[in-house]
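Next come the chains, spelled out residue by residue.
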Amino acid sequence: MDQYPTIKFIVERGSTLAIAIGLLPLAGALLLVIMMGMHWFILVAGVVVTGVVYLLMRSYVELVRVIADMLLPK
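Scoring rules and cut-offs
- Residues numbered from 1 in each chain as written.
- Predicted model: local features only at pLDDT ≥ 70, side-chain atom pairs only at ≥ 80, totals over all residues.
- Heavy atoms only, no water.
- Patch = residues over 30% accessible without salt bridge, like charges linked within 9 Å, V, L, I, M, F, W, Y side chains within 5 Å.
- Areas by Shrake-Rupley, 256 points an atom, 1.4 Å probe, with all protein chains shown as cover.
- Salt bridge = Lys/Arg side-chain N within 4 Å of Asp/Glu carboxyl O.
- Helix = DSSP H or I, 4+ residues; strand = E, 2+ residues; numbered from the N terminus.
- Contact = heavy atoms within 4.5 Å.
- Buried < 20%, exposed > 50% of the residue type's maximum accessible area, 1.4 Å probe, protein only.

Draft legend 1. Here's a closer look at a nonpolar patch on the surface. Together, Leu30, Leu31, Leu32, Ile34, Met35, Met36 and Met38 line one region of the surface with nonpolar side chains, adding up to about 750 Å² of accessible area. With respect to the helices, strands and loops of the structure, isoleucine 34 is situated in helix H2 (residues 24–36).

Put into structure tokens, the structure is as follows:
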């Protein structure tokens, strides 16, 4: 799998990557509320979007792992 470094990275560190990318909307919402003085509802929306993005990223990581396991030579 050395010829596919991105797939190797996702297979090995996909769970951490999903958490890190999933938390980005929450961090953005916190910044908007704290620094820009936006309404607190933005924070609620950030929490909801964080959950959705995390689930999407987890499913993507699982798909890449299945494809790597079944199709790529070892």
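Text resumes after the structure shown.
Draft legend 2. Layout of the environment of glycine 46. As for its placement among the helices and strands, glycine 46 is situated in helix H3 (residues 41–71). Residues glycine 46 and isoleucine 21 lie 25 residues apart in sequence; the distance between their C-alpha atoms is 13 Å. Ignoring any residue separated from it by four or fewer positions in sequence, one finds glycine 46 in contact with Pro25, Leu26 and Ala29.

Draft legend 3. Summary view of the side chain of threonine 50. Its location among the elements puts threonine 50 in helix H3. Overall, the relative accessible area of 12% leaves threonine 50 in the buried class.

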